[in-house]
Each structure stands twice: as structure tokens, then as C-alpha cells.
Amino acid sequence: MIVLWGSNARETHPIFFHHVLTAVNAGASLYCIDPRRTSSAQWADGWLGLHVGTDIALSNTVAREIIHAGLHNRVFIERATTGFAEYAASVEEWTLERGAAVTGVPAEVIRELAQAYARADRAQICWTLGITEHHDAVDNVLSLINLALLTGHVGRYGSGLNPLRGQNNVQGGGDMGAIPNRLPGFQDILDAEARAKFDAAWSTTIVPRYGWHLTQMFEAMGRGDLTALYVIGENPAQSEADVEQAIHHLSGLEHLVVQDIFLTRTAQLAHVVLPASAAWCETEGTVTNSERRVQRVRKAIDAPEGARDDIDIILDLARRLGHDWRYDSAEAIWDELRSLSPMHTGMSYRRLEDLGGIQWPCPSETELEPSYLHGRLWSDDPATLGRRAPFSVVAHSSPVDELSDDFPLRLTTGRRLDSYNTGVQSGAMSSPMRMGETIDVSPEDAHRLGLVPDETVRVSSRRGVLEVPTRIDPGLRPGLVFMTMHFPDDVDTNQLTIEAWDPKSGTAEFKASAVRIDKLATAGA
């Protein structure tokens, strides 16, 4: 069984979705949980069209139904988890009737999902930004983890939790320490023993302090505490929520450096632009995909004149700052990583090439670990079992941007198959599928507002106003509208989105803004 929760994988992860269809054609059941009836739901056994921001309410209702039906995995819970009693008590109030009232999903459909998931021999919950781009993003994820622990759908082949990564090598970026509280290999920066290894290897002293995540960095810019910024491969001038405020903060920096393969909107604001090479074809290195598989990247062509490998740029910058970093090759850098990150130790270039990639963790140079994680939770040996997995008590919390008479429609954002993010990489390529930006509305709302297809309307939020053509989408329910960020030069959707963010992850609530739609005045009216 596969549950796509907050993921329109058909359009946003099409290669992965081919594997989903292979499983469906082989007999696996598929459930899609999404406010929109997406193209992914066309292949689903069930679609749960929940209200935006009610994921925890739905998860808690599913959990209560599983417990009351006696379908929770008592043996696994006793063996491998902690906090079940507190968790069970916390979901008790979430009856099918209450869950249906809050989420908008019929009670019988919630019951069907709960029983199908609990009874499945193997089951996976896969999610993307529909879960994480909320003010309670981490709690949303914890609520899904709770369901896996409740049923024992974790630590076994074919069962588990699968966050589908939104961009190429974003998993690898986190693995390498491109997050504010971890060293490479997810080693905590507050761990003195871990720091000591890096101190010795790098001849420095790492400060035992967590850094700022992206949202905190923008807040620091606003306070004047962050005055210089080095941006590599990001376009926050068009990808950040409440983008007018983001541009204001970027424009106020004393020094902005952008390193990219395109002259992005952010690069146009920069004091210095460092043209980089395309990592996928113009450099040597590695890439890590969503299933933790590290693979080799091989240089196929030379970069255009003036563009340089990211590594060379960074090494030159380090030398000018007084640090004579020298590596003979990308492999030498990788070998240094292997010496410091236990989960990468066994991944020599030779093994990566011979095996066509290796999934972490791989601490041994002669053996491979199972392809799935957390198998230890099924061990009878307490030493192997290790720390038990905790249930988390999480509470439903409505979106920050409240609906009102002035802003009665819920705007949620996402991607389409033909385009990518802010359009930097896909916008210059023509596609017969591309239709430009629209605001998608339900047939019911179109009728109520007197709208026709392709009619340009004014869309307003508490932060901004823009004009955009209308598209009528029967996959939307009344009160829900949809836009993308693919064409910011034409329609800058992030002028509408809210800057509210999850305090645990720093993720902005792109999925839940309150807006209104007004018809434009016609000439002579």
C-alpha cells in the first residue's frame, strides 16, 4: 500500500511516480491525501480531499480509528516504542465525526483509509511540501511517523516513511552539513567528540553553536544583524514567501555574493556574481537521491568560458581569506568526508562505480547495509534495538492566515509537470504543456464570481495584489484556489504568500494563504 500525503507525485516527482504506477499495476493500493483532486489521484483507490492545514487532525483521527478497531501492532509498540499511552490519550478526542467535521473528509472514507493502512502487509507513507510548507511542518511529519509506529510499518522492506525530496541532490546537501545544526553525516555540532574530529582535520576550532536557518537569516537581515550574504544555487528573491519583504532585505545588505549558473533575480541584486558550472555535466563529484543512494557524477563537457567549478571558486576564495586549501581532485575531497562521516566511510569512488551507487549508511568497505532504515527496531536483542522510537503528541493548529469576509478563499501553491520552481532552469525551454501562470478556481467559485476561462482577475492577500488569468479546475473544491511560482517575472505569486513559519524547521507556510478574487473593471463601466 502507498499513501501519497500532500504529494502530487505525478507532476512533481514523475520518475518516482512511474515506480508507483508499477506497484499499482502489480496490485498495490494507492491512497492520495491532498486538498486538490490531483492528477496523481486518477490512479488512486481513494482520495481524501482534506481542508488545507488539517493534516494533524486527519492523522489523529486515523490513529484513533486504528486503536479502537484493535488494529494497532501491540507487539511492535511494546518492543520498539515509547510514549504510546500518552499518544493514545491525545487522539481519543478525534472521533470519526469530529475528524470529518474538521478535515472535510467523510467519516467512512477516513475509516477506510485507517483500516486499509493498518491491515496492509506492507505500507509506505510518502510526503512532500504539502506536509512541510506549513507553520506546523515538523508536527505534521511527526503525526505521520506516529501512524507508522502505531502499525509497525517501519524498519521492514517495503514499509516505511518516505519524504520525497523537492530538488536534485537536496538530500546530499543535508548529508554534507548544509543545515545550521549539523556537521557532515548529520553529526550534531554540539557533540564535542564529533567536533574534535573536524577540528583536527581542518586545523580549526568549530564553535559549538547552532546557526540560523534561512528564515532566521532573513529576520536577521531585517534587524541589521546580518549584513553580508553568500548565496550558492538559490534564488530567494523569487522563491521566498512575502517576496517584496525578502527583496527589501536582500537589497539592504552591505554585501551580497551570488554563485550560480544563471543570472537569477537574486544575482541581479548582487554586488558580486560568481558564474558557476553545471554540476550535473561539467564537474566531477557525487549526487545523493531521495532514497539515500550516493552515485558518481562525471564531467562530460567543459563549462562555458568564464564559468568555473564550484569547488575551484570556493578554494580560491578560501586562499584569499588566508586558508590554503589544496585538493588534487574531487575524489580527494570525498575521501576526506569518508574519514569524518561514519555513514559514508565505505563509499570509495571505486565501490560507487562498481555498484552503481550505494545507499547510506555504509560504514564498512566490505559490506552493505539493508536498503531500508530502522530494521533494528525489530530486534529481540536490547543492545541491537538501541533507543526506542518515541510517539509524539501533536495538536491540530489552523493556518495562520485566517479566512475572512475580505479574504474568503484559501490559496495553496505547488508545481506543475512542465515547469520547475521559479522557472530559472525550465523557463527558457519551450514546452507544449506550458500554459503560463493562472489562478485555478473550482467550477462552483467560478460560477459564483461570474468568471470565465482565461479572464484576467485581480487577486489580493493581506500582503500584495496581482493580476492573473483564470483557469477552471474541476479538481478543486469550493473555497480553494491554486497557483504556482513558475513565472515570477509575469505573475509573482509570492507577493501573496505569508511569511509565517514553523519555529522548528523554519519552513514558511506557502500552502495556506487567504486571498480574494475581484473582477477587473471594464472600459466604460
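The model shown is predicted, which means the values in this text are computed figures rather than measured ones.

The rules we used
- Residues numbered from 1 in each chain as written.
- Predicted model: local features only at pLDDT ≥ 70, side-chain atom pairs only at ≥ 80, totals over all residues.
- Heavy atoms only, no water.
- Helix = DSSP H or I, 4+ residues; strand = E, 2+ residues; numbered from the N terminus.
- Rg over C-alpha atoms; globule rule 2.2 N^0.38 Å.
- Buried < 20%, exposed > 50% of the residue type's maximum accessible area, 1.4 Å probe, protein only.
- Contact = heavy atoms within 4.5 Å.
- Areas by Shrake-Rupley, 256 points an atom, 1.4 Å probe, with all protein chains shown as cover.
- Lys, Arg positive; Asp, Glu negative; His and termini not counted.
- Charge placed at Lys NZ, Arg CZ, Asp CG, Glu CD.
- Pairing = 2+ DSSP bridges.
- 1 Å grid on protein atoms, 1.4 Å probe; cavity = no way out; pocket = protein on both sides within 12 Å on 5 of 7 lines; lining within 4 Å.
- Points joined across faces, edges and corners; volume = space filled by probe spheres on them.
- Nonpolar A, V, L, I, M, F, W, Y, C, P; charged D, E, K, R; others polar.
- Axes fitted to C-alpha atoms, helices over the stretch in contact; angles between N-to-C directions.
- Parallel < 35°, antiparallel > 145°, perpendicular 65-115°, else oblique.
- Left-handed = near helix turned anticlockwise from the far one by under 90°.
- Salt bridge = Lys/Arg side-chain N within 4 Å of Asp/Glu carboxyl O.
- Polar contact = N/O pair within 3.5 Å; in protein donor to acceptor, adjacent residues only side chain to side chain.

### What about the overall build of the protein chain?
If you tally the helices and strands in the protein chain, you get 21 helices and 21 strands. Relative to its length of 525 residues, the protein chain is compact, with a C-alpha radius of gyration of 24 Å against a globular reference of 24 Å. Counting only C-alpha atoms and orienting by the principal axes, one finds that the protein chain spans roughly 70 × 65 × 45 Å. Per-residue burial for the protein chain yields a buried fraction of 49% across its 525 residues. Pairs at least 24 residues apart make up 67% of the contacts formed inside the protein chain by residues separated by at least 6 positions. Approximately 24,800 Å² of the protein chain is accessible, and the part contributed by carbon and sulfur atoms is 52%. Here the protein chain carries 47 positive and 70 negative side-chain charges, and the mean point of each set is 4 Å from the other.

### Remarks on the pairing of strand β6 (residues 160–163)
The alternating pattern of β6 places Gly-160 and Asn-162 on a buried face and Leu-161 and Pro-163 on a face that is not buried. Of the pairings in the sheet, the one linking strand β5 (residues 124–127) to β6 comprises four bridges and is parallel in character. Directly across from Gln-124, in β6, lies its bridge partner Gly-160.

### What to know about empty space enclosed by the protein
By the definition in use, this model includes two cavities of 30 Å³ or more. Empty space within the largest cavity amounts to approximately 300 Å³. Forming the boundary of the largest cavity are 24 residues, of which Gly-6, Asp-34, Gly-130, Thr-413 and Lys-511 lie nearest the centre. Put simply, the parts of the chain that give the lining of the largest cavity at least two residues each are α8 (129–132) and β16 (409–414). Its residues assigned to classes, the lining of the largest cavity comprises five nonpolar, 14 polar and five charged. The volume enclosed by the second largest cavity comes to roughly 40 Å³. Lining the second largest cavity are Val-3, Trp-5, Val-62, Leu-113, Tyr-117, Ile-125 and Leu-147. Only β1 (2–5) and α7 (107–119) provide two or more residues apiece to the lining of the second largest cavity. Of the residues that constitute the lining of the second largest cavity, the class distribution is seven nonpolar, no polar and no charged.

### Details of the packing of helix α3 (residues 55–68) against helix α5 (residues 84–91)
Between two packed helices, what matters for the description is the angle formed by their axes and the separation of those axes. Where α3 contacts α5, the two axes come as close as 9 Å, and the packing angle between them is 110°. Here α5 runs roughly perpendicular to α3, going by the angle between their axes. α5 is crossed by α3, and the crossing has left-handed handedness. Facing Asn-60, Ala-63, Arg-64 and Ile-67 of α3, the residues of α5 in contact are Phe-84, Tyr-87, Ala-88 and Val-91. Of the residues that constitute the contact of α3 with α5, the class distribution is six nonpolar, one polar and one charged.

### Focus on the pattern of salt bridges
Summed over all chains, the structure comprises 27 salt bridges. Residue Arg-98 pairs with Glu-93 through a salt bridge whose shortest N-O separation is 2.6 Å. Assessed through its relative accessible area of 33%, Arg-98 is described here as partly exposed. The closest approach of N and O atoms between Glu-133 and Lys-511, which form a salt bridge, is 3.7 Å. Of the two residues, Glu-133 is situated in the loop between α8 and α9 (137–151) and Lys-511 in the loop between β20 (480–484) and β21 (513–519); the sequence distance between them amounts to 378 residues. The exposure classification of Glu-133 matches that of Lys-511, with both residues buried.

### Focus on the sheet that holds strand β13 (residues 293–297)
The three strands are arranged β12-β13-β14 in an open sheet whose pairing can be described as antiparallel. At either end of the open sheet lies a strand with only one pairing partner, and these are β12 (285–288) and β14 (358–359). Judged from the two bridges that link them, β13 and β14 form a sheet pairing that is antiparallel. Each residue of the ladder has a partner; that of Arg-293, found in β14, is Gln-359.

### Looking at the sheet that holds β1
Across the sheet, which stays open at both edges, the five strands sit in the order β3-β2-β1-β5-β6 with parallel pairing between neighbours. Edge positions in the sheet fall to β3 (46–48) and β6, since each has one partner strand and no second. Between one strand and the next, the sheet's axes are offset by a mean angle of 15°, whatever the strand orientation. Of the strand pairs in this sheet, β1 and strand β2 (residues 30–33) are connected by four bridges, and their pairing is parallel. Residue Ile-2 lies in a different strand from β2, and its bridge partner there is Leu-30. Lying on the sheet, helix α2 (residues 14–25) is in contact with β1, β2, β5 and β6; it crosses β1 at an angle near 145°. Running over the sheet, α9 touches β1, β5 and β6 and is turned about 170° from β5.

### Here we look at the environment of Trp-47
Along the polypeptide, Trp-47 turns up in strand β3. Here Trp-47 is in contact with Cys-32, Asp-34, Pro-35, Arg-36, Arg-37, Ala-41, Val-109 and Arg-477, once residues within four sequence places are set aside. Here Asp-34 takes part through its backbone oxygen, which lies 3.0 Å from a polar atom of the side chain of Trp-47. Here the side chain of Trp-47 touches Arg-36 through a polar contact of 3.1 Å, landing on its backbone oxygen.

Function-wise, these values are silent; they only describe arrangement.
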